Number of protein chains: 2
Amino acid sequence: MLELYHGEPAANSLKSLLCLKEKGLDFVSHRLNLAEFEQHDPEYVTINPNGQVPTLVHDGNVITESTLINEYLEDVFPKPRLRPEDPVARAHMRYWTKFVDEYFCPALSVLGWQAIIKGMVEHLSEQEFEAKIARIPLKEQQDKWRIAAKQAFPKEQLDDCTRRVEVSVARIEAALSRSPWVAGPDYTLADISCFAMMAGMPVFQPKIMNGENAPRCMDWHARMLARPAVKATLAIP
Amino acid sequence: MLELYHGEPAANSLKSLLCLKEKGLDFVSHRLNLAEFEQHDPEYVTINPNGQVPTLVHDGNVITESTLINEYLEDVFPKPRLRPEDPVARAHMRYWTKFVDEYFCPALSVLGWQAIIKGMVEHLSEQEFEAKIARIPLKEQQDKWRIAAKQAFPKEQLDDCTRRVEVSVARIEAALSRSPWVAGPDYTLADISCFAMMAGMPVFQPKIMNGENAPRCMDWHARMLARPAVKATLAIP
C-alpha cells in the first residue's frame, strides 16, 4: 500500500503528488493542514522526524524528501518512465532536481514564508505561538518561523532571494530554448520539480515570470497545465 | 575515456575521487590548484560553468556535482556496487548524500573558508584580488570569497555553522550505532559522502569529532582509512 502525507498540492508536496499521478498509482492521501501546523504533531513527527511534508509510506517503509520520493517511485514503478534511461541524460535531469532543491526552492520559500506566515499566526497569543514553535523539530525551521512571524526577513535577504528566483527562472528559460522540456526531449522528474516551484508563479510572482521575460517558461507552464495528471493533481482537495 | 577535474583529495573532490578508486576505474586526473583559483580559469569555466570542482568528463560528456558524478558512475559502472539494490535501502542511502550536500557541507565549508581563505589571498593587492573575484561565475561564491577574505563571517553565522557540524556528527554517530556503515549493513556512497567531509575533522575539528563524543565515528573513520581505495585516494598528488 502507498500512502502520502502531504500539504496542499503546492511546492514539495506537489512534487511527489504529481509523480504519483503521472504514474497512475493509487495511494491513500493524508492531507495535513500546514496552516494548523499539523506537520509538527507528535504523531506525524514519529513518521517524519523533521516534521516536514511530504512523506511516502510504502508497505510500512518510510521515505522522506520529495526528490528522493520521486527517485524511489521511479526505482519501484518505472512505468511510465519519468527518468531518462541514458546515464548522461539521467545525470542532467538530476542536475535540475538538485538545482531546485539547493538553489531555487530555498529562495522561493523565503519569499513565500514572508508573504503568508504572519497571516497564519496573527490570531495566536504569544503563548500559543511559542507552544507551536516548541513542537518544531528542526532548529533551522524554528528560526525561520520566528523571523517570518514576528519580525521580517531583512530586506537584503529578501532582495537576494528575489534575485535567486530570477536567476532560476532565467536558467529554466534558457534550458527551454534548447529543448521542449527542462532536461531534454522528454518530460521528466526535472519538469515535475520545476513545476512544483513555478505552478503559482505567474499569479504570485508575475513580475518574475511572465510572457515578456519568460515566454518559454509560460508556454511550458501551459503545456504542464494541459497534462491530465497535472489537472488531477491540482484538483486534489 | 574518463577524466576528472578536481582539487586536492578533500571535500567534494575527495567524494568523486574515492568513488572512482573504489570502482578501480582508470581516469585522467586534472588537478586544479584551488589556491591559485584555477577553477575560475576561463578554459575550465567552459567545461563547468559554475567554476567548481569536481567535474567528470566521460567520452566527452560533462557531468558536474560530486553527488551526481557518483550516481552516474554507479549507473555506468555498477560493479563493485556502492549503492544498495533494494529501493528502500537506496532511498535511505540518498537521504545521507542529500543531507551532506544540503546541511553538513555548507556549514563545514564556511568554517573551512574562514580558516584558510585569508591566507590564500593576503599576498594579493586589492586590484589582483578584485580581478580574481571578477572571474568567479556564481555571485554567491563571489560574496563568500569576499566575506571570508576581507572581513570575516559574522560570529553568529560561525556559531550556527559550528552547531550544524556538531548536529551532523551527532546524527552520523547515531546512524553508526544502528549499523556498521552510515546507511546500513553495507559500505555505500553515503560513507563516501560523509568521509569526504569528515576525513580531516579529527585533526582540524578535534573538539567536534573525537573519541569522547563520537567514538563510533572515530572507529568508522579508522575503518575508512584502512580501505585500500581510501589510502590510494588520499595519496593522489
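Here's a quick rundown of the structure. All values reported here derive from a predicted model rather than from experimental measurement.

Rules used throughout
Residues numbered from 1 in each chain as written. Chains lettered and ligands numbered in written order. Predicted model: local features only at pLDDT ≥ 70, side-chain atom pairs only at ≥ 80, totals over all residues. Heavy atoms only, no water. Buried < 20%, exposed > 50% of the residue type's maximum accessible area, 1.4 Å probe, protein only. Helix = DSSP H or I, 4+ residues; strand = E, 2+ residues; numbered from the N terminus. Pairing = 2+ DSSP bridges. Right-handed = clockwise from strand over helix to strand, strands pointing away. Contact = heavy atoms within 4.5 Å. Buried area = accessible area lost by both parts, 1.4 Å probe. Salt bridge = Lys/Arg side-chain N within 4 Å of Asp/Glu carboxyl O. Polar contact = N/O pair within 3.5 Å; in protein donor to acceptor, adjacent residues only side chain to side chain. Nonpolar A, V, L, I, M, F, W, Y, C, P; charged D, E, K, R; others polar.

Residue and element names in this part refer to chain B. In terms of burial, strand E1 (residues 2-6) is largely enclosed, as 5 of its 5 residues are buried. The two faces of E1 match: Leu2, Leu4 and His6 on one face and Glu3 and Tyr5 on the other face are all buried. In this structure, E1 lies alongside strand E3 (residues 55-58), joined through 4 bridges in antiparallel fashion. By the bridge assignment for E3, Tyr5 is matched with Thr55. One ladder, built from 4 bridges, connects E1 with strand E2 (residues 28-31); its direction is parallel. Looking across to E2, one finds that His6 is bridged to Arg31. As a crossover connection, the stretch from E1 through helix H1 (residues 11-22) into E2 is right-handed.

At the interface, 31 residues of chain A touch 31 residues of chain B. Carbon and sulfur atoms make up 56% of the surface buried where chain A meets chain B, a total of about 2500 Å² over both sides. At the junction of chain A and chain B, the tally comes to 12 salt bridges. Counting across the chain A and chain B interface gives 12 residue pairs in polar contact (both at pLDDT 80 or more). Element by element, the count of residues in the side of chain A that touches chain B is highest for helix H4 (residues 87-121) of chain A, at 11 residues. Counted by class, the side of chain A that touches chain B contains 11 nonpolar, 5 polar and 15 charged residues.

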